[in-house]
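Architecture and fold: a report
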Amino acid sequence: VQLQASGGGLVQPGGSLRLSCAASGRIFAINDMYWYRQAPGKQREMVAAITAGSTARYADFVKGRFTISRDNTKNTVYLQMNSLKPEDTAVYYCNAEMSSGNGFSHYWGQGTQVTVSS
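Residues numbered from 1 in each chain as written. Predicted model: local features only at pLDDT ≥ 70, side-chain atom pairs only at ≥ 80, totals over all residues. Heavy atoms only, no water.

Applying the stated criterion across every chain, the model contains five salt bridges. Counted as one network, the salt bridges with shared partners bring together Arg37, Glu45, Arg65 and Asp88. (Salt bridge = Lys/Arg side-chain N within 4 Å of Asp/Glu carboxyl O.)

In structure tokens form, the structure reads like this:
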């Protein structure tokens, strides 16, 4: 079971990016899915989370700018990021609570770099 994130890149302030994270392997079920980020010299922090029923919650610093969503048919979670700011620059990681048939565990994706700069 693994997670593969994609969609990062360089964008100007005020711009948008959409991150994707697809789960693959022997997956029995997926509960909550998350996006975290880690900026240089800072701790990893949660950005957004979404339940299997698509109830979302956000960190205060992204409310109104970022939208998390998921496609359960594709085992994929997305993060639409609008009105990006330089302080959003970080490596973004997806995380999911998944089961391959023997209970649930949290899995991490490999991270994708987002750089917001003019």
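The next thing to look at is the sheet that holds strand S1 (residues 2–6). Spatial ordering of the open sheet is given by S1-S3-S8-S7, a layout of four strands whose pairing is antiparallel. The open sheet has two edge strands, S1 and strand S7 (66–71), and neither has a second partner. Pairwise comparison of adjacent strand axes, ignoring direction, gives a mean angle of 15 degrees for this sheet. Alignment of S7 against strand S8 (residues 76–81), held across six bridges, turns out to be antiparallel. Bridge pairing in S8 places isoleucine 68 opposite leucine 79. (Pairing = 2+ DSSP bridges. Helix = DSSP H or I, 4+ residues; strand = E, 2+ residues; numbered from the N terminus. Axes fitted to C-alpha atoms, helices over the stretch in contact; angles between N-to-C directions.)

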